[in-house]
Amino acid sequence: MRLDLVVKNGKVVTESDTFTADIGIKGKKIVKIAQEIDDDAEETIDAKGKYVMPGVIDAHTHLHMPFMGSHSVDNYKTGTIAAACGGVTSVIDYDVQQEGETLHEAVERKKKTAFDQGVAIDFSLHPGVTQWGQETIDEIPDLIKNGVPSFKVFTVYGAWQVKNETLLKLLDVTKRYGGLVNVHAENDDIIQMLNKKFEEEGTLDPLHHALSHPPEAEKEAVERLINLTNYMDSRLYIVHLSSKMGLEAIKHAQTQGTNIMCETCPQYLFLSTDNFKEPNFEGAKYVMSPPPREKEDQEALWTGLKFGFVKTIATDHCPFNFNKEKQNGKDDYKKIPNGAPGIETSLMLMYSEGVAKGRITINDLVRIMCTNPAKIFGMQDKGSIAIGKDADIVVYDPDAKWTMSIDKLHMNVDYTPYEGMPITGKPEVTISKGRVVARDGEFVGDTKWGEFVKRHLDY
Ligand SMILES: [Zn+2]
């Protein structure tokens, strides 16, 4: 058979195995895996000494997200270029329903934005439910049928805050039609109470953002969500889990048979409350909700990832420039836009601090960054190296040594929270659907290449 691309001599990694093999690609698909492929091919990549792993699926991003009259500063074009350079081959972006908009309209609006701006890799959408009428619930079966099966709600953020009544209806309709509810879990009353207290005391620096979001607020919301999920005999996915307390509640519920899943993000493994104390307002760089916490929380989350209580790593990529948008909160942490960049750096951080340092195996890494996100969110053609899957592949150099710096990255923002961190390993080639889209840290793809992926949950 004449092939388009062969990746030779690499150490192929799946969630269960690591083995040396050649991979043959024709069109957009993996068509052959063998000890040796000697078919003719348009192009051959020698991956000797390198890992050959599935492309990362980042199931939590906010590209071009409307915020205070502006947008998060990576749009679809710049964000997906950066993603490709970091070994990411699919993103699932959050798309909050605007006032007066149906969920269908929200999805169509964001798809149009993506194709208008340009999108370098495949993408899908989780609509955020913020309009509470029955008509919104009634839209859900049709969306699920048409490949949009996951829906986000918030237990915080004022007008977006979901009522228990709506949550119960969402748990019911997603259970009946094969969908999934994703939740941002923090108790808003605790946060508002502390905001008021700090306002009165005049302590409005970035550290007090962290102090106004204590882990107890996460724990309270997580436990409520567990109870409601149990009561409805449904299932639920908690986004960006940050605390040991929250994780303990989830572990307990999972061992009791509750179908509750959770993701965490690199920022909760690598950053802590100490970062908020950095001088010259630099703590603003880490303002996000929930905030990074303490060392013991980081350790608990690593253990949770290793043993499968935490299912996935995603980034919650939502960048704002330190020297611009973040400065809006110079005098009040509540005005600092929430979010940080991460779409490009997640694989490098997880390999360097996770695999190279022995906290997780390379197979664990593939499970939590590729295979589990594909399974949980219904991307059947992605997330593993197997015949018939999309040829979304990263050739990863495990030995490269370099220092993290915003100068070497492609995200459209003026800082990385990980500046100066020594890193082991680097993506050498990123392949999206059979086509090389990034090589040696530079984008070589096409911003018309990304397609909208319809998803179906088969569990
Ligand atoms: Zn988010």
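Up top is the structure.
Residue positions are given per chain, counted from 1 along the sequence in the order it is written. Totals for whole chains, interfaces and linings use every residue, but because this is a predicted model, local features are given only for residues with pLDDT of at least 70 and side-chain atom pairs only at 80 or more, for both listing and counting. As a convention, hydrogens and water are excluded, and side-chain values are obtained from all of the structure's heavy atoms.

Time to look at the overall build of the protein. Looking only at helices and strands, the protein has 12 helices and 19 strands in total. Relative to its length of 459 residues, the protein is compact, with a C-alpha radius of gyration of 21 Å against a globular reference of 23 Å. If one aligns the C-alpha atoms of the protein with their principal axes, the spans along those axes are about 70 × 50 × 45 Å. Buried means the residue's accessible area, taken with a 1.4 Å probe over protein chains only, is under 20% of the maximum for its type, while exposed means over 50%, and partly exposed covers the values in between. Residues classed as buried in the protein amount to 62% of the 459 residues present. Throughout, a contact is declared for two residues whenever any of their heavy atoms are within 4.5 Å. Within the protein, residue pairs in contact and separated by at least 24 positions form 76% of the contacts whose partners lie at least 6 positions apart. The numbering of helices and of strands both runs from the N terminus, where a helix is a DSSP run of H or I of at least 4 residues and a strand a run of E of at least 2. Radius of gyration here uses only the C-alpha atoms, and the compact-globule reference equals 2.2 Å multiplied by the residue count raised to the power 0.38.

Here a pair means two rings of Phe, Tyr or Trp (six-membered ring of Trp) with centres within 6.5 Å. Their orientation is stacked below 30 degrees between planes, edge-to-face above 60, and tilted elsewhere. The final tally for this structure, using the stated rule, is 14 aromatic pairs. A centroid spacing of 5.5 Å and a plane angle of 70° characterise the contact between Phe123 and Phe452, whose relative ring orientation is edge-to-face. Highlighted residues: Phe123 in strand S10 (residues 122-128) and Phe452 in the segment after strand S19 (442-443), separated in sequence by 329 residues. For the pair Phe123 and Phe452, one class covers both residues: buried. Following the ring pairs from residue to residue traces out a cluster consisting of Tyr76, Phe115, Phe123 and Phe452. For the cation-ring pair, Lys28 lies above Trp449, with the distance from its terminal atom to the ring centre recorded as 5.4 Å. Over the ring of Tyr94 we find Lys152, and its NZ or CZ is 4.1 Å from the ring centre. A ring is considered to have a charge above it if a Lys NZ or an Arg CZ atom is located within 6 Å of its centre and within 35 degrees of its normal.

This part is about helix H2 (residues 103-117). Under the convention used throughout, the expected extent of a helix is 1.5 Å for every residue step, that is, one less than its residue count. For H2, built from 15 residues, the straight-helix expectation of 21 Å at 1.5 Å per residue is met to within 8% by its first-to-last C-alpha distance of 21 Å. The complete set of buried residues in H2 reads Leu103, Ala106, Val107, Lys110, Lys111, Thr113 and Ala114. Mapping the buried residues of H2 onto a view down its axis gives an arc of 160°, with all of them on the same face. What points out from H2, more than 90 degrees from its buried face, is the exposed set Lys112 and Asp116. At its buried positions, H2 is contacted by helix H1 (76-85), strand S9 (88-96), S10, helix H3 (134-145) and strand S11 (150-154). In the segment just after H2, Gly118 is the residue with positive phi, at about 105°. The arc in question is formed by the directions pointing from the helix axis toward the C-beta atoms.

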